[in-house]
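Notes for the structure review
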Amino acid sequence: MDEIFGIPAPLLFGQLLLGLINGAFYAMLSLGLAVIFGLLNIINFTHGAQFMMGAFAAWMLLAWAGLGYWWALVLAPIIVGFTGIILEKLFISRLYKLDHLYGLLLTLGLGLIIEGVFRNQFGSSGLPYRIPAELSGAWDLGFMYMPIYRGWVVVAALFFCISTWLIIEKTRLGAYLRAATERAELVQAFGINVPRMITLTYGAGVALAAVAGVLAAPIYSVNPQMGSNLIIVVFAVVVIGGMGSILGSIITGFGLGIVEGLTKVFYPEASATVIFVIMAIVLLARPAGLFGRA
Amino acid sequence: MSFSRRSVLATGAALGMAPLSRARAQANTIKIGVLNDMSGPYRDISGPFGVACTKQAVAEFGMQGFNVEVINADHQNKPDVGAGLARQWYDQGVDLILDVPTSSVGLAVAQVAKEKNKAYINTGSATSDLTGAACQATTVHWMYDTYMLAKSTGSAMVAAGGDSWFFLTADYAFGHALERDTANFVRSAGGRVMGQVRYPFPSTTDFSSFLVQAQASRAKVIGMANAGADTINTIKQAAEFGITRRGTKLAALLMFLADVHALGLQTAQGLVLTESFYWDLNDRTRAVTRRLLPHLNGAYPNMASVANYSATLHFLKAVKDMGVAAAKASGTEIVNRMKAMPTDDDAFGAGSIRVDGRKLCPSYLFEVKSPAESKGPYDYYKLLGTTPAGEAFRPLNEGGCSQVRS
Amino acid sequence: MSSETTLTAIPTGVVGKQAPGIWGFNGSQLIALLLLVAALGLAPFFLYPVFVMKLLCFALFACAFNLLIGYVGLMSFGHAAYFGMGGYIAGHAAKVWGLTPELSIIAGGLVGAGLGVLGGWLAIRRQGIYFAMITMALAQMVYFFCVQAPFTGGEDGIQAIPRGKLFGVISMDSDMAMYWLVAVVFLMGFMFIHRIIHSPFGQVMKAIRENEPRTTSLGYRTDDYKLVAFILSCGLAGVAGAVKTLVFGIATLTDVHFSMSGEVVLMTLVGGLGTIFGPVIGAAVVVGMQNYLAEMGAWVTVIQGGIFVACVLAFRRGIVGEIGNLFKVKL
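The text that follows walks through the structure, step by step, so that each part is easy to find. Quick caveat, the model's predicted, so the values are computed rather than measured. (Residues numbered from 1 in each chain as written. Chains lettered and ligands numbered in written order. Predicted model: local features only at pLDDT ≥ 70, side-chain atom pairs only at ≥ 80, totals over all residues.)

Tallying secondary structure elements over chain A gives eleven helices and four strands in all. Taken over the C-alpha atoms alone, chain A extends approximately 65 × 50 × 35 Å along its principal axes. A buried classification covers 58% of the 294 residues belonging to chain A. For chain A, the share of sequence-separated contacts (at least 6 apart) that also reach a separation of at least 24 residues comes to 75%. (Helix = DSSP H or I, 4+ residues; strand = E, 2+ residues; numbered from the N terminus. Buried ≥ 20, exposed ≤ 12 C-beta atoms within 10 Å, placed from the backbone. Contact = placed C-beta atoms within 7 Å.)

What follows is about unusual backbone geometry. Residue and element names in this part refer to chain B. A positive phi is found at Gln 76, a non-glycine position, where the angle reads about 55°. Of note, Gln 76 is situated in the loop between strand S2 (67–74) and helix H4 (79–91). In this structure, Asn 77 is a non-glycine residue whose phi angle is positive, near 60°. Among the secondary structure elements, Asn 77 is positioned in the loop between S2 and H4.

Taken together, the contact pairs 25 residues of chain C with 32 residues of chain B. Mapped by element, the contributors of at least two residues to the side of chain C that touches chain B are helix H2 (49–69), helix H11 (278–293) and helix H12 (300–314) of chain C. Here the side of chain C that touches chain B takes three residues from H2 of chain C, the largest share from any one element. Of the residues contributing to the side of chain C that touches chain B, the split by class is eleven nonpolar, ten polar and four charged. (Nonpolar A, V, L, I, M, F, W, Y, C, P; charged D, E, K, R; others polar.)

Either a parallel or an antiparallel arrangement is found when strands of a sheet pair, and the pairing is made through backbone hydrogen bonds. Residues and elements named next belong to chain B. The sheet built from five strands is open, its strands ordered S2-S1-S3-S4-S5 with parallel pairing. Only two strands of the sheet have a single partner each, and these edge strands are S2 and strand S5 (139–141). Strand-to-strand, the axes of this sheet are offset by a mean angle of 20°, without reference to chain direction. Where strand S1 (residues 29–36) and strand S3 (residues 96–99) come together, four bridges link them in parallel fashion. Counterpart to Gly 33 in the pairing with S3 is Ile 97. (Pairing = 2+ DSSP bridges. Axes fitted to C-alpha atoms, helices over the stretch in contact; angles between N-to-C directions.)

Spatial strand order, S11-S12-S13 (chain B): three strands in an open sheet with antiparallel pairing. Because the sheet does not close on itself, it has two edges, and the strands there are strand S11 (343–345) and strand S13 (359–360) of chain B.

Looking now at the packing of helix H2 (residues 47–65) of chain A against helix H3 (residues 69–90) of chain A. Residues and elements named next belong to chain A. For the pair H2 and H3, the least separation of the axes is 9 Å and the interaxial angle reads 130°. Classed by the angle they form, the pair H2 and H3 counts as oblique. Helix-helix and strand crossings are classified by hand; for H2 and H3 the assignment is right-handed. Counted together, Gln 50, Met 53, Gly 54, Ala 57, Ala 58, Leu 61 and Leu 62 of H2 and Trp 71, Ala 72, Leu 75, Ala 76, Pro 77, Ile 79, Val 80 and Gly 84 of H3 form the full contact between these two elements. (Parallel < 35°, antiparallel > 145°, perpendicular 65-115°, else oblique. Left-handed = near helix turned anticlockwise from the far one by under 90°.)

Structure, rendered in structure tokens:
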């Protein structure tokens, strides 16, 4: 078989596929961030903690209520989304007129509190959560062994990303949302309850993070710090895609997953840094991000 | 569950904040400071459990003519916070600093202890520099180091037929040392190293790409030169990608009972790892575990937390032997006395401390049981082999420690 | 999307004329300065000297950071890079090259400033949140460099760095000797920053903060001013990092890590953005918390998070800003 840059082609192909799977997580998380930023103008640094809460909610549903993975996929986002709504009502709603910096610092603080409380309660080494029986096993693709669950992650992520995009771009509700992003007062004048819409949007963004958390629970260690490593990378994805651009964050999420996957083959030590290099270059060349409006 | 853990912390905090001016009481009080990770990734390895083990040792030692006070603090895995607290503690009358996981903090505290001439027993760091290039007359390294882990797991795996290795290494000093030491043992036992991949630490959560690379190398063993959540993620994903099912062995170079518990036996079964302590090893380990359990909130002791118990007992015996005043006067002297006395306790049995500060004890190679084999809570390991205390650690003359005169 | 740089909560203090003071300090600031100097002189006799030294290092770092965010309105999200690299260079200079402490500190400052030239040259092309993102990206690259470069010692860091002899004569091994050096360096840095702010250059900086397009239209080359301010801030951050390295005898990855960049934001915010004394108080609160909360064990992160939340919701002017507002003085 052929080699590409000294790496056997099948292996490289496999790595691209794995990168795409990681990209699915980036896309789902950055999608939530982008939705929240688009409407609330808040950089939600609690997102990592909310991703973690999704995974823990799945574990709690199983351990305490005996409800399995599929139930968790439905219930965890609702529960975590609801806690998001409470946070928005109590704290975040007070900051809409201020600089981005304050929203960022507030959500960063909330994230620290949530992480700390979970660590006190559940320890740091994590909890076990297994792949549901329906999705365990793997396909032998010839050049690599492909777990069925990873395929499911990509499908689920695409489903959630595309439906979010459709809701925002093609429905009446989405039209209100986009309108409120541009001119909140005007939309309010048409008799639409903008504050409530904002609150629900935050809840929905958080729910997306929780879905990602449930999807991640069977393959990553379910521990309190699982989100904090991811949040900076995801944030970089949003910036590269263009702050607030829904489509941008989806495409960039998948794209950067692939780029990162390739770096893991050619220069693994740099695989955590490559995204920031790209971010710096993009910001210098296209300040509003790849898909943002200047 | 969390109530009693919190009360352990509260006691530690209350003791720590007690006024330091009770000079008269202090002259006859030995103060032990447990400095470890209470809020970060290594919390479950020792953290509040290490503190509880220390207190249990103090309670078992009892009143022998002097008081013992235990305080504790969180070094947050930051070397400057750790070194700062260590300075402050030593200046304010702490006689022994204990635990100190994370190599960078462990090394920094060793410097402070030397400068202040106070005793320092490290039970939590893995760097073999503590008894090598950075060794001090005031330091005792009580537990595992990279050499011992590498030797036990590396040589044993090769002997069992795992003669070709691929390393998955966390890209920092600890990971590099573990990989280097293990690779040496693999080669000297006649094995081959097929390759390695160094991934960024601590920002990697997905290891599938590296696992696929490892599998493509056709190595029989994947050596995981990492720790904590990274190891757990690697193992979880290796199971997912069917790597273990298809005959490739995973060697966890640093793994604890708490990590196995976090994974669950279904995923962890068949793993090979090294610890110096397992609660179900013999009558004495079972006895000490029975005494410790009421203080551990349902967790079981591992080699890192229980090392605090063993080290505290030995330190207190040495204090009694040479007198409180002499013990408080010089860290070098008390450490010399500890080296002169044989160690003996329920957790590690009989042992000794070498001139370079290395505490000697056997290391055990374990395999994680399958769910069917496990009969009770934390019944996780079966013993595969033992490296005797004399051979488990790096030979005295190879460390480059300045305390060793040839 | 909006990318305005103005920070709405910057206290404007009293409006109108100010009584001419000494060296640009007004009356209340002069009192505060005297209190600060007195506190510097007395602190080591009441508090643990190493703790006070650490506090001063961070106070200088926060003051340097405040020079950018408080007076030019530039939010750097990667200042740890300059602080940490200053520390590494000073550590390397003192340990490997055997330089005296004052030369090591200068080396640290120069490297901080040098990196600042590069970072600033790239970052000032963008504004607001994008400026912050570029500085963050650059800091991540510096972190990567520090993990990979052999001289930094990776995760173990540079250990056992000697404090050396000041000017080759006075031994700095005792904590008190070191304390006076740190206090002097801090005070020099503090006065230097104050001098910058009250110079004509500083007036232009503030004009940029308030309204950059208008400043440009007045004929100022705002990019040049921003770059110089950035370099000065980075240089001072490097000095602070260098001093901290000498105090503790270690330089490690903690100081270049992203969370350190976050901590300095916290300090400045707690103390008060755009106030001269704010960062000092903020650093005292945050460092004090780290030190005394260490005994609280696992609750450290929760309490830190709580302080973030409380500051943003209730004390947006910061401690010093709120006090200044209360007494209608500019501190």
